Amino acid sequence: MQNQLATMLEEAGREIEACATANDILNTKAKYLGKKSLLNGLYGRMKDLEPSERPAFGNLLNEARQQLETLLNAKSSAIKAQSWKKENTDMDFSMPGMPSSRGGYHPLSIVRRQIDEVFISLGFEIAEGLDIEDEFHNFDALNTPADHPSRNLADTFYVEGGRLLRTQTSTVQIRVMESYQPPIRIISPGRCYRNDKPDPSHSPVFHQVEALVVDKGISMSDLTDTLQNFASIMFGARVRSRIRPHFFPFTEPSAEMDISCVACSGAGCRVCKGSGWLEMGGAGMVDPNVFDILGIDSEIYTGFAFGLGIERIAMLKYNIPDMRILFENDLRMLNQFRGEL
Amino acid sequence: MKVALSWLKKYLDIPESVSELSDLLTFAGIEVEDVKELKALPASVIAARVVSAEPVPKTDHLQLCQVDVGEYPFAQKGEDNCVQVICGAPNCHSGMIAVLALPGSILTDLEIKSAKIRGIISNGMLCSERELGISDSHAGIIELPQDVLVGTSVNELYMLPDVVFDLEITPNRSDLLGYLGIARDLGAKLNRKLIEPELTELSVNFDRLKLGLKNMEPELCPRYTAQVFDNVQIAESPLWLKVALIKSGLRPINNVVDITNYVMLETGHPLHAFDYDKLASEDTNASHPDIVIRKARPKEEMLALDGRSYILEGDELVIADGQKASAIAGVMGSEFSGITPQSRRIVLESAAFHPGSIRKTSYKLKLSSDSSYRFERHLAADKAHLISQRASNLIQELAGGELCGPLYDEYPNPLPDQYLAIRPSRFQLLIGHSMSDAEIQAYLSCLSFEFKGYGRYQKGLQSSLEQLLVNDASVLPSQEYAHYYLVPSFRVDVSREADILEELARLSGYDKVPQKLVNQQIMDRHAYRIRNKIMDWMVNWGCYETLNYSFCDPRQMEDLGYEPQSLPFINLINPQSSNQSVMRVSLIPQLITNLAYNLNHAERNVKLFEQAKVYHKTETGHQEPMQMAAIFSGMRSAEHWQSKAQTIDFSWVKGCLESMLGSFHLPHTSRSCERPYLVTAESRAYFSEDTELGVFGRLKPELLAKWGIDLSILKQDVWIIECNVDAIVAKTRSVSITYQPISRFPAVLRDLSFLAPLQVQYQDIREQILAIDPALVQEIEVFDEYRSKQIPEGFRSLSMHIILQDQEKTLTDERVDQLMDLVQKTLTDKYDIRMR
Ligand SMILES: [Zn+2]
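Caption draft 1: Structural detail: the overall build of chain B. Helix and strand counts for chain B stand at 21 helices and 40 strands. Here chain B has a C-alpha radius of gyration of 45 Å; the compact-globule value for 836 residues is 28 Å, and the former is much larger. In terms of principal-axis extent, the alpha carbons of chain B reach across some 130 × 90 × 60 Å. Expressed as a percentage of its 836 residues, the buried residues of chain B come to 53%. Long-range pairs, those at least 24 residues apart, make up 71% of the contacts in chain B between residues at least 6 apart in sequence. Only carbon and sulfur atoms are counted for the fraction: they give 49% of the accessible area of chain B, which is about 39,500 Å². With 85 positive and 112 negative side-chain charges, chain B shows a separation of 4 Å between the mean positions of the two kinds.

Given below as structure tokens:
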């Protein structure tokens, strides 16, 4: 009987493998596990055995039944899966996939948002103000002498009503200091205007971001660390930064900020004109006069400020040779920045 | 830990109310988990003697009792001052003093009335502790000591009213595991003196009873003290002691065990008592028993006081007699050596154990007790003899025990004094406000930190003050100027300056910590987010962002169809050229310029937007509103070999604006819009209430010629979106998303197809259907519009899904059919639609 069983199992295995449809499975199942199946018959013949042999043989039959059921179930699942879809073998896998229809941000927006992110992560608030300002907030409050050349029509745009288009976003800092007592940690990004003819490195309309920190115990070392943080987040961990003496009316001491050249890493190249350093903007400790004008006690509080040109950062970051490219809005330029940000 | 106010008041003057006290504990850093008020009982609940107790026939447990109430005035009592009461408690017996609640008494949850039970009058009830609200025990009626006067008010006996605080003690504060510790901390908070129990030196009858003491594990048991007593009368504890334990959640057992528990609750330090006569000697010839502190032998077995037998592995510390384990050290005593009513001579243990060892044993045996709970939190060794003395005093007073020998004391390595420096300047730096030297000393003195003098700061615990204190500390710089304190040994949690600074901050109150202005909220975060989201939306819809100068050419506004005089231009005094002579009032002209530029550079599909300010002159000055404008022409998406690109049309542009407003959860309405540069029939304006949020529409083809765009060649429409960004920012400030519960019942989808007259708007049909049953109609989705010659003139065919769902129940077919019939009828009546 055991031989019979083995032959049956072998035969059934082959037939199950040959099944192609759900119906085949049903027929095969009936043949090998149904009422008239050999297996069922063998169960009936158990009584002919010696009682001592019955349990062992019973186990054998059960095992055979289980084996058949497992095979049938596996084959049945395989047939069901295939009935939905056959493998596609004659497809050209190199044909382009569905394209994205997403557009993109202007590179200046990309840079502006990255700068926002850097400073928000450093605990700064973003403050905004008006583009059309008065002379007090653009010049007087910033300690600019009345006869300073930057106030000339040749340098600054004026509009009717005695007002002007802000030449830097320091105006926002002044307005914030008028409304809030320290601690103040802000950046003020926005549009600025200077009466320059458009050329590769000038634009009458440009974008700036200025930072201002006023609190107890703020020193120049807070400035240098903030600058280094900014430089390494924007341009990479290896970029170094430095400050060197300069003059601005509203900071004392004043400084010019440099970062190591992003093109040559400081070795000297065309971009940095051989110096290994790139100018990033002006900085310094807020002049006590500015605090006095605004009613902040300069004995208790100190602060630093700096300003960065967004166009310059974008041009350095993306190797854009001419500032005017940024205002042409040519899709062939714009679509190079899709997916950025 | 359960702390009864009546008991706590023994150690501290506390006139505060319960809620004040709760707050004080909480702000002292001791969390109050629960406050249970034990109310005063009515005067008619009194002590009474059960004179007789006879079984009531035909019941298995009821007894008829005559209860003597003495002189207590009560109408139903007999001439013998007895009241008849039926009682079902098994422990009710004649001669006992019980608690009787007379009729009219209102207990926690029942009112006592005269009642007939099995035809017999019962004039009151004999009470259990639970019925009086004193504890959860309902094991039987209360049996008061025989010396209680009949007629005494139970309030007096049980010190009611009272309050029991359930306090959560943090694991680092083992010193708070007793009443004294809690009182000390509260006292420090309130600057009140702790009242410690007085200890009396007992006279000793030397040499009567000896005890051998051998400590083989000084690491695990740094100190072991024992005292031996003779002639102890084991009996019930006096009522005050029982009541104290009951309120703190312990069951009274007998006077000696109760005293060890009482002293444990008082001091936080567990004690144990052995029956001297049950302890064996190491040497069978010796005349006295031994106590050996050792590790268990492998497989050593001990039947503990909880009735269970424990098989030890070998690394547990045990207190053995000369032969076998008689206690699992610090965890539980053995049955055989426990105090029984027959005990006459006892050994009182007061010891200190290694916390880790106790924890390990307790964990391994799954056996924890009030004792192990305390020892595993680390108790100091140096006061063990005083704790023993406290218990000895009580044993002599309450159990008549006679002290029979010296204090046996195994204390090989006494704890050294330890000093700690703290700097007031450091407190100011860490906590934010300053504290005077005197304030600091007052708080710490209440906490038993002894002030030793001023000196130069040294970090960490110091074993000697030599060379640390200075005569004139005022010359020290503030960051070195320090106070030196002797750390009380029970404060095992204090080893650094920061630990003491924490105590000071806690006691002076966290409410005194000043809030320093760290950050001024200057940024308009909502505006920032919404502006960025609008830009993100446009980019995701396929647009590229442009940036244009803020100046513009006033003639271009004329080209858009405006009267130049009507526009609020701000003129530049010194423009660079005449086509940049004003501040821009609209973003549109430059976007058309950008479109023309890109068309000229062979780009056919253009989707651009700019989000920027425009500038308006006003009567008083000017405004700079933020706007977003977009321009579209050509295909919706890039061509792809699998799917044909579709043209940008009304529906696509509408979808862009509408779904953006939808994504901000802004309810809005739309109507047709008049702009000089838009084709009116193909333009819509969107409003929230009366505020215009945005418009979209098709640019008038004829004006594009001014920008050099020839539509006869281009052959594609140009579309515009303009958004009033400031209005969207303002309107979204109040928007919030509220989760709606999801119906547990399935939704039903039905389709509706009909012919509708051309002048009937989808919007009206939709609103009609929604209005029929707003609770049921969840959504309407139009999925087909069809116009053809097969359809009667003046009609179009519309097909829509109607999705129905009930929050409360499964919708039946009947209900759905009924509703759909109503929909058809309403639409037919109202709009002359024809069903298909
Ligand atoms: Zn370089």
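Next comes the rest of the account.
Caption draft 2: Structural detail: empty space enclosed by the protein. Residues and elements named next belong to chain A. What the rule picks out here adds up to one cavity of 30 Å³ or more. Considering only enclosed or pocket space, the largest cavity measures out at about 40 Å³ in volume. In this structure, the largest cavity is lined by L142, Q173, I174, M177, L212, F250, V286, V290 and A305. With three residues, the top contributor of residues to the lining of the largest cavity is helix α7 (residues 170-179).

Caption draft 3: Region of interest: the interface of chain A and chain B. The interface is formed by 61 residues belonging to chain A together with 59 residues belonging to chain B. Summed over both partners, the interface of chain A with chain B buries about 5,100 Å², with 53% contributed by carbon and sulfur atoms. For the chain A face of the interface with chain B, the top three residues by lost area are E125, E160 and L331 of chain A, together amounting to 14%. Between the two partners, chain A and chain B, sit six salt bridges. The salt bridge partner of R191 of chain A is E610 of chain B, with a shortest N-O separation of 3.3 Å. Applying the counting criterion to the chain A and chain B interface returns 44 residue pairs in polar contact (both at pLDDT 80 or more). Sorting the residues of the side of chain A that touches chain B by element identifies α5 (107-121), β1 (125-126), β3 (158-159), β4 (163-165), β5 (184-193), β6 (205-215) and α11 (331-334) of chain A as the ones contributing at least two each. With six residues, the top contributor of residues to the side of chain A that touches chain B is α5 of chain A. Of the residues in the side of chain A that touches chain B, the class split is 30 nonpolar, 15 polar and 16 charged.

Caption draft 4: Here's a closer look at the coordination of the zinc ion. Residues and elements named next belong to chain A. All of the protein donors around the zinc ion are C261 (SG), C264 (SG), C269 (SG) and C272 (SG); their distances to the metal are 2.2 to 2.3 Å. Around the zinc ion sit four donor atoms, and with donor-metal-donor angles ranging over 104 to 115° the site reads as tetrahedral. Read N to C, the donor residues that coordinate the zinc ion are spaced as C-x2-C-x4-C-x2-C. Across the pair, exposure class does not vary: C261 and C264 are buried alike.

Caption draft 5: How the structure looks around unusual backbone geometry. The omega angle of the peptide bond from P182 of chain A to P183 of chain A is 5°, so this bond is cis rather than trans. The linkage connecting L160 of chain B with the following residue, P161 of chain B, adopts the cis geometry, with an omega of 0°. One non-glycine residue, K299 of chain B, adopts positive backbone phi at about 65°. Positionally, K299 of chain B belongs in the loop between β14 (290-295) and β15 (301-303). The class for K299 of chain B is exposed, based on a relative accessible area of 73%.

Caption draft 6: Up close: the sheet that holds strand β17 (residues 317-320) of chain B. Residue and element names in this part refer to chain B. Strands sit in the order β11-β14-β17-β18-β19 across an open sheet of five strands; the sheet is mixed. The sheet terminates laterally at β11 (212-215) and β19 (332-333), the two strands that pair on one side only. Strand direction decides the pairing type here: β14 and β17, joined by four bridges, are antiparallel. Paired with V292 across the two strands is A320, which belongs to β17.

Caption draft 7: The pairing of strand β8 (residues 251-260) of chain A, seen in detail. For β8 of chain A, a buried count of eight out of 10 residues is recorded, marking the element as mostly surrounded by other parts of the structure. Between the end of strand β7 (residues 241-248) of chain A and the start of β8 of chain A, which pair antiparallel, lie two residues.

Caption draft 8: The layout of surface pockets, seen in detail. Residue and element names in this part refer to chain B. Considered as a void within the structure, the second largest pocket measures approximately 1,100 Å³ in volume. If you trace the second largest pocket, you find 29 residues lining it, with F650, K654, E658, Y762 and Q763 closest to the centre. Contributing elements (two or more residues each) for the lining of the second largest pocket: α17 (650-663), β33 (669-672), β34 (678-688), α20 (762-772), β38 (777-786) and β39 (795-804). Looking at the lining of the second largest pocket, the element that brings in the most residues is α17, giving seven residues. For the lining of the second largest pocket, the class distribution of residues is 10 nonpolar, nine polar and 10 charged. Among the domains, domain 5 (525-732) and domain 6 (748-835) are the pair contributing at least three residues each to the lining of the second largest pocket.

Caption draft 9: Quick peek at the sheet that holds strand β25 (residues 481-486) of chain B. Residue and element names in this part refer to chain B. The antiparallel open sheet is built from three strands, whose spatial order is β23-β25-β24. Of all the strands in the sheet, the pair left with one neighbour each is β23 (419-422) and β24 (450-456). Going from strand to strand, the sheet's axes swing by 30° on average, the running direction of each strand aside. Direction of pairing for β23 relative to β25: antiparallel, over a ladder of four bridges. Following the sheet pairing, L420 is matched in β25 by Y485.

Caption draft 10: Spotlight on the nonpolar core. Residues and elements named next belong to chain B. Core analysis: the largest hydrophobic core is formed by 128 residues, its most contacted members being I592, F632, L699 and I721. If one sorts the elements of this core by residue count, helix α14 (residues 525-540) sits on top with seven residues. Not counting chain neighbours up to four residues away, the residues in contact with F632 comprise M538, C543, V606, K607, I648, W652, V653, D717, V718, W719 and I721. Judged by nonpolar contacts, the second largest core, of 76 residues, contains L8, I14, V148 and A399.

Caption draft 11: Here's a closer look at the packing of aromatic side chains. The final tally for this structure, using the stated rule, is 24 aromatic pairs over all chains. The rings of F119, F124, F230, F304 and F306 of chain A are connected pair by pair, giving a single aromatic cluster. A cation sits over an aromatic face here: R423 of chain B above Y457 of chain B, 3.6 Å from the ring centre. Sitting above the plane of the F687 of chain B ring, R671 of chain B keeps its charged end 3.7 Å from the centroid.

Caption draft 12: Geometry of the domain arrangement of chain B. According to the domain assignment, chain B consists of domain 1 (2-38 + 164-190), domain 2 (45-160), domain 3 (212-410), domain 4 (419-512), domain 5 (525-732) and domain 6 (748-835). Look at where the C-alpha atoms of domain 3 of chain B and domain 6 of chain B centre, and you get two points 86 Å apart.

Caption draft 13: Just the packing of helix α8 (residues 220-235) of chain A against helix α10 (residues 310-318) of chain A, in detail. Residues and elements named next belong to chain A. For the pair α8 and α10, interaxial distance at closest approach is 11 Å and the crossing angle is 45°. Relative to α10, α8 is oriented oblique. Where α8 approaches α10, its residues F230, M234 and F235 are matched on the opposing element by I313, L316 and K317. Considered class by class, the residues forming the contact of α8 with α10 number five nonpolar, no polar and one charged.

Cut-off values and rules
Residues numbered from 1 in each chain as written. Chains lettered and ligands numbered in written order. Predicted model: local features only at pLDDT ≥ 70, side-chain atom pairs only at ≥ 80, totals over all residues. Heavy atoms only, no water. Helix = DSSP H or I, 4+ residues; strand = E, 2+ residues; numbered from the N terminus. Rg over C-alpha atoms; globule rule 2.2 N^0.38 Å. Buried < 20%, exposed > 50% of the residue type's maximum accessible area, 1.4 Å probe, protein only. Contact = heavy atoms within 4.5 Å. Areas by Shrake-Rupley, 256 points an atom, 1.4 Å probe, with all protein chains shown as cover. Lys, Arg positive; Asp, Glu negative; His and termini not counted. Charge placed at Lys NZ, Arg CZ, Asp CG, Glu CD. 1 Å grid on protein atoms, 1.4 Å probe; cavity = no way out; pocket = protein on both sides within 12 Å on 5 of 7 lines; lining within 4 Å. Points joined across faces, edges and corners; volume = space filled by probe spheres on them. Buried area = accessible area lost by both parts, 1.4 Å probe. Salt bridge = Lys/Arg side-chain N within 4 Å of Asp/Glu carboxyl O. Polar contact = N/O pair within 3.5 Å; in protein donor to acceptor, adjacent residues only side chain to side chain. Nonpolar A, V, L, I, M, F, W, Y, C, P; charged D, E, K, R; others polar. Donors = N, O, S within 2.8 Å, 3.2 Å for Na, K, Ca; no water. Tetrahedral: all angles 85-135°; square planar, octahedral: opposite > 155°, others 65-115°. Pairing = 2+ DSSP bridges. Domains from an automatic or database assignment. Axes fitted to C-alpha atoms, helices over the stretch in contact; angles between N-to-C directions. Core = buried A, V, L, I, M, F, W, Y, C linked by side-chain atoms within 4.5 Å. Phe/Tyr/Trp six-rings, centres within 6.5 Å; stacked < 30°, edge-to-face > 60°. Lys NZ or Arg CZ within 6 Å of the ring centre and 35° of its normal. Parallel < 35°, antiparallel > 145°, perpendicular 65-115°, else oblique.

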